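Summary of structural features
Here are the chains, one letter per residue:
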Amino acid sequence: FRRAPPPKLLATITGGSHCGFMEVVPLTCDAGRISYERQLVLTREQVRRWLARHLRGNRATRVTGVPGLRYAGG
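A short tour of the structure in this document, coming up. Source: prediction; values computed, not measured.

Glancing now at the state of the cysteines. Evaluation of the coordinates by the stated rule reveals 1 disulfide. The disulfide bridge from C19 ends at C29, spanning 1.3 Å between sulfur atoms. Note on the C19 and C29 pair: the S-S dihedral is about 70 degrees, so by sign convention the disulfide is right-handed. You can see C19 sitting in the loop between β1 (10–13) and α1 (36–54) and its partner C29 sitting in the loop between β1 and α1, a full 10 residues away along the chain.

Now for the packing of aromatic side chains. Across all of its chains, the model carries 0 aromatic pairs by this definition. For K8, the ring lying beneath its charged end belongs to F1, and the centroid distance is 5.2 Å.

In this structure, R53 sits in helix α1. Beyond its immediate sequence surroundings of up to four residues, R53 is in contact with N58, R59, T61 and V63. In this structure the side chain of R53 is engaged in a polar contact, spanning 3.0 Å, whose partner is the backbone oxygen of T61.

This part takes up the layout of surface pockets. For the largest pocket, the calculated volume is near 160 Å³. The wall of the largest pocket is formed by L9, A11, I13, L42, T43, Q46, V47, W50 and L69. Mapped by element, the contributors of at least two residues to the lining of the largest pocket are β1 and α1. Here the element with the most residues in the lining of the largest pocket is α1; it accounts for 5 residues. Taken together, the residues of the lining of the largest pocket sort by class into 7 nonpolar, 2 polar and no charged.

What counts as what
- Residues numbered from 1 in each chain as written.
- Predicted model: local features only at pLDDT ≥ 70, side-chain atom pairs only at ≥ 80, totals over all residues.
- Heavy atoms only, no water.
- Disulfide = S-S within 2.5 Å.
- Helix = DSSP H or I, 4+ residues; strand = E, 2+ residues; numbered from the N terminus.
- Phe/Tyr/Trp six-rings, centres within 6.5 Å; stacked < 30°, edge-to-face > 60°.
- Lys NZ or Arg CZ within 6 Å of the ring centre and 35° of its normal.
- Contact = heavy atoms within 4.5 Å.
- Polar contact = N/O pair within 3.5 Å; in protein donor to acceptor, adjacent residues only side chain to side chain.
- 1 Å grid on protein atoms, 1.4 Å probe; cavity = no way out; pocket = protein on both sides within 12 Å on 5 of 7 lines; lining within 4 Å.
- Points joined across faces, edges and corners; volume = space filled by probe spheres on them.
- Nonpolar A, V, L, I, M, F, W, Y, C, P; charged D, E, K, R; others polar.

Geometric values such as these leave the question of function open.
Given below as structure tokens:
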């Protein structure tokens, strides 16, 4: 991430996890503290904003500020 050229943004799902993207989480994997459905909603909203801003060129779209996500600069 540090070496990637801009635009870049690290968005972390509060209470989410890698295995939280799986409908059925194996016993050996952490499912996080939020539901699968909530994790997908947060992810979709963040991706929608990013694509609107950087792919469609809609400069008015705010990329950060999704409740439930933490951000690190880029």
